[in-house]
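# Structural characterization, general
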Amino acid sequence: MENSLSYAQEQDTLDPLRSYRERFLFPKNEQGDPLLYFCGNSLGLQPKSTREYVSKELEDWAKYGVEGHTDARHPWMPYHEFLTEQMAQIVGAKPEEVIIMNTLSVNLHLMMVSFYRPTSQCYKIIIERDAFPSDKYAVESQLQFHGHSPEDGLILWEPPEGEELCRFEDLEELMKTHADEVALLLIGSTNYYSGQAFPLKKITSLGHAQGAMVGFDLAHGAGNIQPDLHEVGADFAIWCTYKYLNSGPGSLGGCFIHERHLARTDLPRFTGWWGHDKSTRFNMRHDFKPIPTAEGWQLSNPPILSMAAIRASLDIFAEAGMEALRKKSVQLTGYLEFLLNSLNNQHVTIITPRQPEARGCQLSIQVQDANRSLHEQLTDAGVISDWREPDVIRVAPTPLYNSFVDVFQFVDRLKKVLHER
Ligand SMILES: *Cc1c(COP(=O)(O)O)cnc(C)c1O
């Protein structure tokens, strides 16, 4: 690798996915120049095709009214089914194990209704220390709902003192210490703060060996890493589609339920008509009979406009392929790491793991003695990144629309900003 613009340009020329960048809309500065966008970990960019996919549904709604449920070009009644196959590919699941519905935090609660089944002896939940706040709140409220206090019931998997990354050995240790008390392991992969991607299979085996349920939050994993959920054997997983999956602000989330749970009748769940057997859904007089797939956890008929945007994005992912995307991602993030290291700045530390298999595309950069003003200076320099208190910049070069030149320019601008401080 080389620290030069010409090297970055050459890498772009060699990149088989380079043309995908043209399919996205980049925000611009006041002069009309596109910004360096590294915030796909928070809100992915809009594919140019999204407008057309959404417009089609608006047209069909205008043309057919209620009949659009059956007569629209993509009928609304089974609309979620158009998304399942491609979504399943992205997270490495069987189609019957995946459903797009609700939003992430809602799905997390629904999954805990079914898979967090505390008893008076076995009720504790393990999450990682830097779990996303919403996940922590959801878990705490579930503990309370079942009559347990978070102080007692919530166990944090913490990095060693003074470090930022969690170690698998420490999780093993926790499972030992709390043997027979842990009902659920809920781990975010990759972690939103550190960018650390956890070993999903090892965690799942560890939890299952002691009879705990294992769920993963893939908000930062879906469309970024290849989580192979079926093969990993997780009990459930949840994610959103507006980050790496580019489906627009507040769009719907995804949910995975492992095959072995799909036909179980002993699991409690919160139900609604959209989870009921499709053949009698509209008879309205039937006892609830769940669809024997992940669809059986649906509650409501879903927002089609949002699903149209998801379909636009999934079509692009299907075309590019996760394999190729991940391959480029490893190179792109590796290049970012190389350039950051070449800064030779002792105030700059990458807290994300070095091994590609222990991270996705995001690097979390800690800048000693920095505060939010550093982030503001970067923004002024035309970089959209993301700031986490107290001193971390998160940058996520995504293989679909970021280039090697983007990465080069980012580090170049960061260098100037650091110099001026
Ligand atoms: C982004 C994110 C969420 C957001 O949840 P919503 O319900 O979609 O608002 C939750 N958990 C994690 C880990 C996230 O990264």
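What you see is a predicted model, and the numbers here were worked out from it, not measured in a lab.

## A word on helix 1 (residues 5-14)
- Here helix 1 has its buried residues at Tyr7, Ala8, Gln11 and Asp12. Projected down its long axis, helix 1 shows its buried positions confined to an angular sector of 140°, all on one face. Residues of helix 1 that are exposed and point over 90 degrees away from its buried face: Thr13 and Leu14.

## Some remarks on the domain arrangement of the protein chain
- Splitting the protein chain by domain gives domain 1 (5-47 + 322-420) and domain 2 (78-318).
- Centre-to-centre separation of domain 1 and domain 2, based on C-alpha positions: 29 Å.
- Across the contact, 35 residues belong to domain 1 and 24 residues belong to domain 2.
- Counting the surface lost from both domain 1 and domain 2, the interface buries some 2300 Å², and carbon and sulfur atoms represent 60% of this.

## What to know about the sheet that holds strand 15 (residues 392-395)
- The four strands lie next to each other as 11-12-15-14, forming an open sheet whose pairing is antiparallel. The sheet is open, and its two borders are formed by strand 11 (348-350) and strand 14 (386-388), each paired with just one other strand. Here the average twist between neighbouring strands, direction ignored, is 30°.
- Relative to strand 15, strand 12 (residues 363-367) is paired through four bridges, and the arrangement is antiparallel. Its bridge partner being in strand 15, Leu363 is matched across the sheet by Val395.
- Contacts from helix 13 (residues 322-342) reach strand 11, strand 12 and strand 15 within the one sheet, and its direction differs from that of strand 12 by about 15°.

## Considerations on helix 12 (residues 304-320)
- With 17 residues, helix 12 extends 24 Å between its outermost C-alpha atoms, agreeing within 8% with the 24 Å of an ideal straight helix rising 1.5 Å per residue.
- In terms of burial, helix 12 is largely enclosed, as 13 of its 17 residues are buried.
- A positive backbone phi angle near 85° is found at Gly321, which sits one or two residues after helix 12.

## Thoughts on the pairing of strand 7 (residues 182-188)
- Of all seven residues making up strand 7, seven are buried, and the element is well covered by its neighbours.
- Both strand 7 and strand 8 (residues 213-217) contribute to a ladder of five bridges, which runs parallel. Looking across to strand 8, one finds that Leu184 is bridged to Met213.
- Crossover handedness for the path strand 7 to helix 9 (residues 200-209) to strand 8: right-handed.

## Topic: the packing of helix 5 (residues 104-115) against helix 6 (residues 133-145)
- Where helix 5 contacts helix 6, the axes come no closer than 10 Å and their chain directions differ by 30°. Viewed along their axes, helix 5 and helix 6 adopt a mutual orientation that is roughly parallel. For the pair helix 5 and helix 6, the sense of crossing is right-handed. Along its contact with helix 5, which presents Leu104, Ser105, Leu108, His109 and Met112, the element helix 6 presents Ser134, Asp135, Ala138, Val139, Ser141 and Gln142.
- Classifying every residue of the contact of helix 5 with helix 6 by side-chain character gives five nonpolar, five polar and one charged.

## Brief notes about the environment of Phe404
- Position of Phe404 relative to the elements: it lies in helix 15 (residues 404-420).
- For the pair Phe404 and Arg394, spaced 10 residues apart in sequence, the C-alpha separation works out to 17 Å.
- Ignoring anything within four residues of it in the chain, the contact list for Phe404 reads Ala8, Gln11, Asp12, Gln331, Leu332 and Tyr335.

## Quick look at unusual backbone geometry
- Cis geometry is found at the peptide bond from Ser189 to Thr190, where omega equals -5°.
- Within the secondary structure, Thr190 sits in the loop between strand 7 and helix 9.
- Positive phi, close to 50°, is recorded for Asn102, a residue that is not glycine.
- Tracing the sequence through the fold places Asn102 in the loop between strand 4 (98-101) and helix 5.
- The backbone phi angle of Asp180 is positive, close to 65°, even though this residue is not glycine.
- Looking at the secondary structure, you find Asp180 in the loop between helix 8 (168-177) and strand 7.

## Topic: the pattern of salt bridges
- Tallied over the full model, the rule gives 23 salt bridges.
- For the salt bridge of Asp130 with Arg129, the shortest nitrogen-to-oxygen distance reads 3.1 Å.
- The shortest N-O distance in the salt bridge between Glu140 and Lys136 comes to 3.2 Å. Taken together, the positions of Glu140 and Lys136, both in helix 6 and four residues apart, correspond to about one turn of that helix.
- Taking the relative accessible area as the measure of exposure, Lys136 reaches 28% and is therefore partly exposed.
- Several salt bridges share partner residues, and in doing so they unite Glu59, Asp60 and Arg73 into one network.

## Let's talk about the packing of aromatic side chains
- A full pass over the atoms with the stated rule returns 16 aromatic pairs.
- A centroid spacing of 4.9 Å and a plane angle of 40° characterise the contact between Trp157 and Phe198, whose relative ring orientation is tilted. Of this pair, Trp157 sits in strand 6 (residues 154-157) while Phe198 sits in the loop between strand 7 and helix 9, and the two are 41 residues apart along the sequence. The burial state of Trp157 is the same as that of Phe198; both residues are buried.
- Here the guanidinium or amino end of Lys243 rests over the ring plane of Phe132, the centre of that ring lying 5.1 Å away.
- Just above the ring of Trp297 sits the side chain of Arg269; from NZ or CZ to the centre is 3.9 Å.

## Brief notes about the site of the ligand
- In the vicinity of the ligand, the residues found are Leu104, Ser105, Phe132, Asp135, Asp217, Ala219, His220, Tyr242 and Lys243.
- Taking Asp217, its side chain carries an N or O atom lying 3.1 Å from a nitrogen atom of the ligand.
- The separation between an oxygen atom of the ligand and a polar side-chain atom of His220 is 2.9 Å.
- Here the shell around the ligand is built from residues that sort into four nonpolar, two polar and three charged.

Thresholds applied
Residues numbered from 1 in each chain as written. Predicted model: local features only at pLDDT ≥ 70, side-chain atom pairs only at ≥ 80, totals over all residues. Heavy atoms only, no water. Buried < 20%, exposed > 50% of the residue type's maximum accessible area, 1.4 Å probe, protein only. Helix = DSSP H or I, 4+ residues; strand = E, 2+ residues; numbered from the N terminus. Arc of directions from axis to C-beta. Domains from an automatic or database assignment. Contact = heavy atoms within 4.5 Å. Buried area = accessible area lost by both parts, 1.4 Å probe. Pairing = 2+ DSSP bridges. Axes fitted to C-alpha atoms, helices over the stretch in contact; angles between N-to-C directions. Expected span 1.5 Å × (residues − 1). Right-handed = clockwise from strand over helix to strand, strands pointing away. Parallel < 35°, antiparallel > 145°, perpendicular 65-115°, else oblique. Left-handed = near helix turned anticlockwise from the far one by under 90°. Nonpolar A, V, L, I, M, F, W, Y, C, P; charged D, E, K, R; others polar. Salt bridge = Lys/Arg side-chain N within 4 Å of Asp/Glu carboxyl O. Phe/Tyr/Trp six-rings, centres within 6.5 Å; stacked < 30°, edge-to-face > 60°. Lys NZ or Arg CZ within 6 Å of the ring centre and 35° of its normal. Near = heavy atom within 4 Å. Polar contact = N/O pair within 3.5 Å; in protein donor to acceptor, adjacent residues only side chain to side chain.

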